[in-house]
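# Residue-level structure breakdown
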Amino acid sequence: MFVHYKEIWKQKLADALNALLDENGVTKTVATSDIVAEIPPQSDMGDLGFPMFAYAKILHKGPSQIAQAVLAKLDTDTGAAKGMGPYVNIFLNRAEIAGELLKEVVLGKQGRLGRPDTLKGKRIMVEFSSPNTNKPLHLGHLRNDILGESISRILAACGAEVRKVCIINDRGVHICKSMLAYHLYGEGKTPENEGIKSDHFVGQWYVHFNRMSKEDPVVEEKAQEMLRKWERGDENVTALWKKMNEWAINGMKETYKRTGVSFDAYYFESETYLLGRAEILKGLEKGIFYRSDDGAVMIDLSAEGLDKKVLLRKDGTSIYITQDIGTAIFRYEDWAFDRLIYVVGSEQRYHFKALFSILDKLGYEWAKNLYHLSYGMVNLPEGKMKSREGTVVDADDLLDSLKEMALQEIKSKEREDAVGNPEEIAEKVALGALHYYLLQVSAAKDMLFNPKESLSFNGNTGPYLQYMGARISSMLRKASLSQASDAIPAVQPELLSGDAEWDVIKTLFDYNNTVAEAADKMDSSIVAGYLYSLSKAFSRFYHDCPILNAEHPDLAAARLALSKAVLFVLKDALQLIGIPFLDVM
Ligand code: ARG
C-alpha cells in the first residue's frame, strides 16, 4: 500500500485520537508512529483500516464507540472515512490519486512511480557466479547468476553505486584434473578443431579424469603432483594451465552474454591466494592463529560456535579459505565498499561464517559489512545435478532446450510472421521463463526447475508477464494509428474511478516502495511477486474495462494513459529481474 498516503492518514488519525483523549481529560497522547494501519481484506471495505482496540482501556469505551467518536473528529478533506465496527476505514480519493499518477506518466516523469533513493551514496560490491575453470556453468550457476545480477540492479535502482564482481577459481587440484586428462590424452585436440564450445571442451576432460580415477586411483596423486608443479611455476604446466583456463573462461563469457549477466571486474584466485597466505602468517605472529602439532596454521573458532579450522596446510599450501581472506582484503583496497555481498550456495554457509569471523579477528572493521546471500539447490524434476559423473545439467544445454521449446510454441501458434524474428523472440522467452522461475522462489529454498511449467503462457510465469507487455504495446500501437497525437484528448483522471482501475493505480503506486523493500531485504523475489500482482490487477482491468472501445473517447484516453503507466512500471521491473521485454510475441 502506498506509503505516502498511509503516512498522511496515520497523522490524521493521531490528531483525531489526541483530540478525543483531550476531550475525555486523558493527559496521555498518541504518537503517529504508534498508529497501526491495516489493509482491509476486501476492497469494498476501503483502502486503509485503523483498529481502535488499543484505546479501549484508556478511554473506558468499546472500540466501536471509539471508532464513531474518532470519525467525528477526523479531517477527511482528502478522502472519506467510515466506521466499520471497531475499525475506522478510509476510502482514498481515487480521482485525485489517479490524477497524480497520470500527471507523472503524461509528463514522462518517474515521480513516485520511479525509483527510490534509499541507498544513495552507498558503495556495494556484489560477488556472484564465481565458477571454477574445470567445467562449464550448470543450472546452479544460472540461479546464482540471476540472483546476483538482479540484486545488483535492484540495489542500483535505489541509488547505490554497485560493483559486480566475479572470482574465477582458476587454481587448485580440481583444475589440474582436467589439465592432466588433457595432457595425457588430448593429443593436440582443440575446441576449434573439435567444434565444441570451449568451456564444454574443458569440462569433457574433467569428466574424463573422473573416469580414469575410478579405474586407477593413482591419477589423483598425479593431479596433486601437477598442482605442486604449478605452484613452483613449471613452464609446461603453466602454459597448459593458461591455455585451458582461457578456453574455460571464454566459453563462460559467452554464456554470461547470452543471459544478460555482466561483471565490472573479474578477480582470479591465482592472483590473490598468495596474499591470503601472507595475511595468515601475520595473524600467526600476532597470536590470533596458532600452529598445530603437525605444523598447520589453525584458528579456534569454538567460541563462535564453529570448529577449529586449518588456514594453511602443514606443507605451507593454501586452502579455499586462505584465498578468500586475501581476496576480501584485496577487494577492499581496490574499491572500499560499504557492503560486500557474496552470492554463494547454502552449502558454504559455514565457510562464510568462518571467513567473516577471521577477518574480524584480523582487525578489519569492514568485516561487519560482509554478507552471505545464500541460496538453495536447484534440480530438474528428473533428478539431481551431479558433475562428477558428467550428468550435470549444463547451463547452455538447458538454455538451448528452453529456446527450442519456445520456438515450437511460436510455430504451433503460427506466430512466426507476426513476431518477425522467431529465433530471437524464442531466446528471449526462454530467458524470461528461466529467470522468473528461478527468482520467484525465495533464494534460501531448494527448488525444482520445471522447464515446461516455466514456459507456460498462463500462470505465474515469465512468458505470461512478457505477454502482458506485448499486449499493452500492441494496444498502444493501434491507438496511435487511430489518433493523430495532437488530437489525443486531455486525460481526465476522474474517469478512472472503477474498482479494477483503482486496483491498478494502487498497485502502481506500490512499485517504488517495493523496490526499496527488495533492496533492503536483498530479496529479488519481492520484485517478482510484485510483477505478478501487477499482472493480475492489469488483467482484471483489461477484462472488465474496454480500452480502445470504451463508450467515450475521453474514457478511452484515460484508460490508455493508465495502460501506459502499467507498461512503464512493467518494463522497469522486468529489467530489474532480468526478463527481456518484448513488444510482440
Ligand atoms: N568457485 C567456488 C565454488 O564453486 C565458489 C566461489 C564462491 N566465492 C568465494 N568468494 N568463495 O564452490
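These figures come from a predicted structure and were not determined experimentally.

## As for the nonpolar core
Grouped together as the largest cluster of nonpolar side chains are 150 residues, with contacts concentrated most on Phe 50, Met 52, Leu 155, Phe 449 and Leu 508. If you tally residues by element for this core, the top one is helix α21 (residues 553-576), at twelve residues. In this structure, Ile 329, Trp 335, Phe 352 and Leu 362 belong to the second largest nonpolar core, which totals 34 residues.

## A closer look at the site of the ligand
Around the ligand, the neighbouring residues are Glu 127, Ser 130, Asn 132, Ile 167, Asn 169, Tyr 320, Asp 324, Tyr 342, Val 344, Gln 348 and Phe 352. Within the side chain of Gln 348, one N or O atom sits 2.8 Å away from an oxygen atom of the ligand. Notes on the ligand: free accessible area 350 Å², of which the protein chains cover 84%. In terms of residue class, the shell around the ligand is built from five nonpolar, four polar and two charged.

## Brief notes about the sheet that holds strand β7 (residues 290-291)
Each strand in a sheet pairs with another by means of backbone hydrogen bonds, the pair being arranged parallel or else antiparallel. Strand order across the open sheet formed by three strands is β7-β8-β9, with antiparallel pairing between neighbours. Sheet topology places β7 and β9 (308-312) at the edges, where each strand pairs with a single neighbour. Alignment of β7 against strand β8 (residues 297-300), held across two bridges, turns out to be antiparallel. Residue pairing across strands places Tyr 290 opposite Met 298, the latter belonging to β8. Running over the sheet, helix α11 (residues 269-285) touches β7, β8 and β9 and is turned about 120 degrees from β9.

## As for α11
Its 17 residues give α11 an end-to-end C-alpha distance of 25 Å, which sits within 8% of 24 Å, the value for a rise of 1.5 Å per residue. Those residues of α11 that fall on the buried side of the exposure criterion are Glu 269, Ser 270, Thr 272, Tyr 273, Gly 276, Glu 279, Ile 280 and Gly 283. Buried residues of α11, viewed axially, fall in a sector of 160 degrees; they line one side. Of the residues in α11, the exposed ones pointing more than 90 degrees away from the buried face are Glu 271 and Glu 285. Just downstream of α11 lies Gly 287, where phi reads positive at about 85 degrees.

## Quick look at the sheet that holds strand β1 (residues 48-51)
If you walk across this open sheet you meet the three strands as β1-β3-β2, and the pairing is antiparallel. The sheet terminates laterally at β1 and β2 (79-84), the two strands that pair on one side only. Strand-to-strand, the axes of this sheet are offset by a mean angle of 20 degrees, without reference to chain direction.

## Some details on the pattern of salt bridges
With the rule as written, the count across this model stands at 30 salt bridges. Taking the shortest distance from any N to any O, the salt bridge between Glu 161 and Arg 123 comes out at 3.8 Å. Of this pair, Glu 161 sits in strand β5 (residues 161-168) while Arg 123 sits in strand β4 (residues 123-127), and the two are 38 residues apart along the sequence. With its nearest N and O atoms 2.8 Å apart, the salt bridge here joins Lys 361 to Glu 304. Of the two residues, Lys 361 is situated in helix α13 (residues 349-361) and Glu 304 in the loop between β8 and β9; the sequence distance between them amounts to 57 residues. Judged by its relative accessible area of 37%, Glu 304 falls in the partly exposed class. The network of salt bridges with common partners includes Arg 258, Asp 400, Lys 403, Glu 423 and Glu 427.

## Here's the deal with the state of the cysteines
Chemically, a disulfide is nothing more than a covalent bond linking the sulfur atoms of two cysteines. Under the defined criterion, the tally for this structure stands at zero disulfides. Between Cys 166, a free cysteine, and Cys 176, which holds the nearest cysteine sulfur, the sulfur-to-sulfur gap is 20 Å.

## Here we look at the packing of aromatic side chains
Taken as a whole and assessed by the stated rule, the structure comprises 24 aromatic pairs. Where Tyr 182 meets Trp 247, the ring centres are 5.7 Å apart and the plane angle is 85 degrees; that geometry is what we call edge-to-face. Of the two residues, Tyr 182 sits in helix α6 (residues 173-185) while Trp 247 sits in helix α10 (residues 235-259), which places them 65 residues apart along the sequence. Between the aromatic rings of Tyr 437 and Phe 449, the centroid separation amounts to 5.1 Å while the plane-to-plane angle is 85 degrees, which identifies the pairing as edge-to-face. Separated by twelve residues along the polypeptide, Tyr 437 in helix α16 (residues 422-440) and Phe 449 in the loop between β13 (447-448) and α17 (451-455) bring together distant segments of the chain. Phe 449 shares its class with Tyr 437; the two are buried. Taken together, the aromatic side chains of Phe 128, Tyr 256, Phe 263 and Tyr 266 make up a single cluster linked through ring pairs. Here the guanidinium or amino end of Arg 171 rests over the ring plane of Tyr 273, the centre of that ring lying 4.4 Å away.

## Side note on α13
Here α13 spans 19 Å end to end across 13 residues, near enough to the 18 Å set by a 1.5 Å rise per residue. Of all the residues in α13, the buried ones are His 351, Phe 352, Ala 354, Leu 355, Phe 356, Ser 357, Ile 358 and Leu 359. Of the surrounding secondary structure, the elements contacted by the buried residues of α13 are β8, β9, α12 (320-334), β10 (339-345) and β11 (370-375). Looking one or two residues beyond α13, the residue adopting positive phi is Gly 363, at roughly 95 degrees.

## Brief notes about the pairing of β5
Most of β5 is tucked away: seven of the eight residues are buried. When β4 meets β5, the two strands line up parallel, connected through five bridges. Counterpart to Ile 124 in the pairing with β5 is Val 162. For the handedness criterion, the β-α-β arrangement of β4, helix α5 (residues 139-157) and β5 is classed as right-handed.

What counts, and at which threshold
Residues numbered from 1 in each chain as written. Predicted model: local features only at pLDDT ≥ 70, side-chain atom pairs only at ≥ 80, totals over all residues. Heavy atoms only, no water. Core = buried A, V, L, I, M, F, W, Y, C linked by side-chain atoms within 4.5 Å. Buried < 20%, exposed > 50% of the residue type's maximum accessible area, 1.4 Å probe, protein only. Helix = DSSP H or I, 4+ residues; strand = E, 2+ residues; numbered from the N terminus. Near = heavy atom within 4 Å. Polar contact = N/O pair within 3.5 Å; in protein donor to acceptor, adjacent residues only side chain to side chain. Areas by Shrake-Rupley, 256 points an atom, 1.4 Å probe, with all protein chains shown as cover. Nonpolar A, V, L, I, M, F, W, Y, C, P; charged D, E, K, R; others polar. Pairing = 2+ DSSP bridges. Contact = heavy atoms within 4.5 Å. Axes fitted to C-alpha atoms, helices over the stretch in contact; angles between N-to-C directions. Expected span 1.5 Å × (residues − 1). Arc of directions from axis to C-beta. Salt bridge = Lys/Arg side-chain N within 4 Å of Asp/Glu carboxyl O. Disulfide = S-S within 2.5 Å. Phe/Tyr/Trp six-rings, centres within 6.5 Å; stacked < 30°, edge-to-face > 60°. Lys NZ or Arg CZ within 6 Å of the ring centre and 35° of its normal. Right-handed = clockwise from strand over helix to strand, strands pointing away.

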